[in-house]
Structure formats: structure tokens, C-alpha cells
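Overview (structure and organization)
These are the residues of each chain, in order.
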Amino acid sequence: KMPISAIFISNRRGDPIVIKFYKSDIGTHISDLFRMRVILSPENQKSPVITTEKTNFVYTKLKGIYYVAASTGNVDVILCLEILYKLLDALNCYFKKLDENSLYLNFPLVLEILDEMLDDGIPQITDIHALTNIITFGIPRKEKKKRKEQNVIEEIGSIPWRASGIKYKKNEIYVDVIESLSYIVSAQGT
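Report follows, based on the coordinates. (Residues numbered from 1 in each chain as written. Predicted model: local features only at pLDDT ≥ 70, side-chain atom pairs only at ≥ 80, totals over all residues. Heavy atoms only, no water.)

**Focus on the sheet that holds strand β1 (residues 6-10)**
The strand order β2-β1-β5-β4-β3 describes an open sheet built from 5 strands, whose pairing is antiparallel. Two strands in the sheet have a free side with no partner beyond their single neighbour: β2 (16-21) and β3 (49-51). Going from strand to strand, the sheet's axes swing by 20° on average, the running direction of each strand aside. Strand contacts of helix α1 (residues 30-39): β1, β2, β3, β4 (56-62) and β5 (65-71), with the helix running at about 70° to β4, the strand carrying the most contacts. Strand contacts of helix α4 (residues 107-117): β1 and β2, with the helix running at about 30° to β2, the strand carrying the most contacts. (Pairing = 2+ DSSP bridges. Helix = DSSP H or I, 4+ residues; strand = E, 2+ residues; numbered from the N terminus. Axes fitted to C-alpha atoms, helices over the stretch in contact; angles between N-to-C directions. Contact = heavy atoms within 4.5 Å.)

Take a look at the structure:
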């Protein structure tokens, strides 16, 4: 499957609020293409997936704001939708009121969230708790560098559903080995 080429957020008129490019295979006109193919075409708004000649759009709309993942290849639609919903969860965590104005005023924070969530168009860290530990927007510069180095090392290898600091007395692993053998025997026994 192909990675996501870009994620962008547009208002109800199709004007881009934030655009984050992950791949160079998609042009800077991507929000205009989305506006023409989806926002200005009511018949295309029935499906969260729109495919044009060279570009695939996967989007969701909340309170008049479009959250869009774009790709030029065969991208996993469910993965894109999951990333967009995780992005919405993260934005709701950081903003008291998620609207067009708050996104405009805090676009550096939105870009930092997108930077941490995807690396080169491939999902990396989508857990909200891990993101809040890594994202350093609004923290003084000295503390930011120290905190980011420490938290990135902790969070990249972490599993969100597993408690940290668990120690076991025995490190054992059990493996079932199943073997099968096929053979042909002639009437002479050879």
C-alpha cells in the first residue's frame, strides 16, 4: 500500500487552513482540486472517498471543516480514516473549541501534531497520551529540547495499552513446533 501524500484541513468554502505534504508526488494545488471535485460538487459529497485521474481523497467533515488525506497511489482507505479520526481526537485534546478560528490561530501546533503522527506519510504515533508527551509547542526552548529528547526515546518504543515497568521473574517462551511430512511410496516399497 502507498503512504499518504498529504493531509490538509479546509474550511467549508475549500480554503486551506493547514496543509502538510509528506511526499512530493502531489502538487501544491491539491486543495483547489479537492474544492472543485468535492466541495463544489454536491453529488461527490455522498462518499468519504473520491478518486480522480491521479489523486485519491479520503475525508471527513466536522462542523463545516474538511479533514482530508490525499494520495496518488492505492492507499488503505480505512487507515486514512483512522488517521483522520485520531487527528480529530488529538486536536480536540489540545483545543477547547475546535473551529476554523482556533485552527488558524494554532496552525504551528497542528503542524507539529501532524509531524509526530506521520513520518513520510506512514503513521507513527497516534496515541493521544504519547502525543501529549512528545509535542512541545508552547514550552520554553531550553526545557523543550531536554523534554523532547527524553520523551521521544520513551514513547517511540512504548505500547500504549501496556503498563511500563513490569518485571518478570522468569523470561520464558513456549513454542509449539508442528511438522508435516509428505511422501510417495511405490508398490515395490521404494
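Once the structure has been displayed, the description carries forward.
**So, the pairing of β5**
A regular strand places its side chains so that they alternate between the two faces of the sheet. Most of β5 is tucked away: 7 of the 7 residues are buried. On β5, burial covers both faces: I65, Y67, A69 and S71 on one face and Y66, V68 and A70 on the other are all buried. Bridging between β1 and β5 involves 5 bridges; their strand directions are antiparallel. Paired with S10 across the strands is Y66, a residue of β5. The pairing of β4 with β5 spans 7 bridges and is classified as antiparallel. Directly across from Y59, in β5, lies its bridge partner V68. Connecting β4 to the antiparallel partner β5 that follows it, the hairpin turn spans 2 residues, and K63 within it adopts a positive phi of roughly 55°. (Buried < 20%, exposed > 50% of the residue type's maximum accessible area, 1.4 Å probe, protein only.)

**Regarding the side chain of N56**
Here N56 is to be found in strand β4. Classification of N56 as buried rests on a relative accessible area of 15%. Of note is the side chain of N56, whose polar atom sits 3.3 Å from the side chain of T51. A polar atom in the side chain of N56 sits 2.6 Å from the backbone oxygen of G73. Setting aside its immediate chain neighbours within four residues, N56 contacts I50, T51, A69, A70, S71, T72, G73 and N74. (Polar contact = N/O pair within 3.5 Å; in protein donor to acceptor, adjacent residues only side chain to side chain.)

**Considering the nonpolar core**
Residues I7, Y67, L91 and L103 are the most contacted members of the largest nonpolar core, which totals 33 residues. Contributing elements (two or more residues each) for this core: β1, β2, β5, α2 (77-94), α4 and α5 (128-134). Ranked by the residues each element gives to this core, the list is headed by α2, at 8 residues. What L91 contacts, discounting residues up to four positions off in sequence, is I9, Y67, L98, L103, V110 and I113. (Core = buried A, V, L, I, M, F, W, Y, C linked by side-chain atoms within 4.5 Å.)

**Description of the environment of L62**
Position of L62 among the secondary structure elements: in strand β4. Each C-alpha atom, one on L62 and one on D99, is 9.1 Å from the other, the two residues being 37 residues apart in sequence. When residues no more than four places from it in sequence are discounted, the contact partners of L62 are Y67 and L88.

**Quick notes on the pattern of salt bridges**
Where side chains of opposite charge bring their charged atoms close, a pairing between them can arise. In total, this model carries 7 salt bridges according to the counting rule given. One salt bridge connects R35 with D15, and the closest N-O pair in it is separated by 3.0 Å. Here D15 lies in the loop between β1 and β2 and R35 lies in helix α1, a separation of 20 residues in the sequence. Take D15: its relative accessible area is 25%, and that puts it in the partly exposed class. The partner of R35 in a salt bridge is D32, and the shortest N-O contact between them spans 2.7 Å. Of this pair, R35 and D32 both sit in helix α1, separated by 3 residues, roughly a single helical turn. A single salt-bridge network, built from bridges that share partners, covers R13, D15, D32, R35 and E100. (Salt bridge = Lys/Arg side-chain N within 4 Å of Asp/Glu carboxyl O.)

**Considerations on the packing of aromatic side chains**
Under the defined criterion, the tally for this structure stands at 5 aromatic pairs. Their ring planes at 75° and their centres at 5.4 Å tell us that F34 and Y59 sit as a pair that is edge-to-face. One end of the pair, F34, is in helix α1; the other, Y59, is in strand β4, and 25 residues separate them in sequence. Judged by its relative accessible area of 0%, F34 falls in the buried class. Taking 5.8 Å as the distance between ring centres and 55° as the angle between the ring planes, the aromatic pair formed by Y59 and Y66 counts as tilted. With respect to class, Y59 is no different from Y66; both count as buried. In this structure an aromatic cluster arises from ring pairing among F8, F34, F57, Y59 and Y66. (Phe/Tyr/Trp six-rings, centres within 6.5 Å; stacked < 30°, edge-to-face > 60°.)

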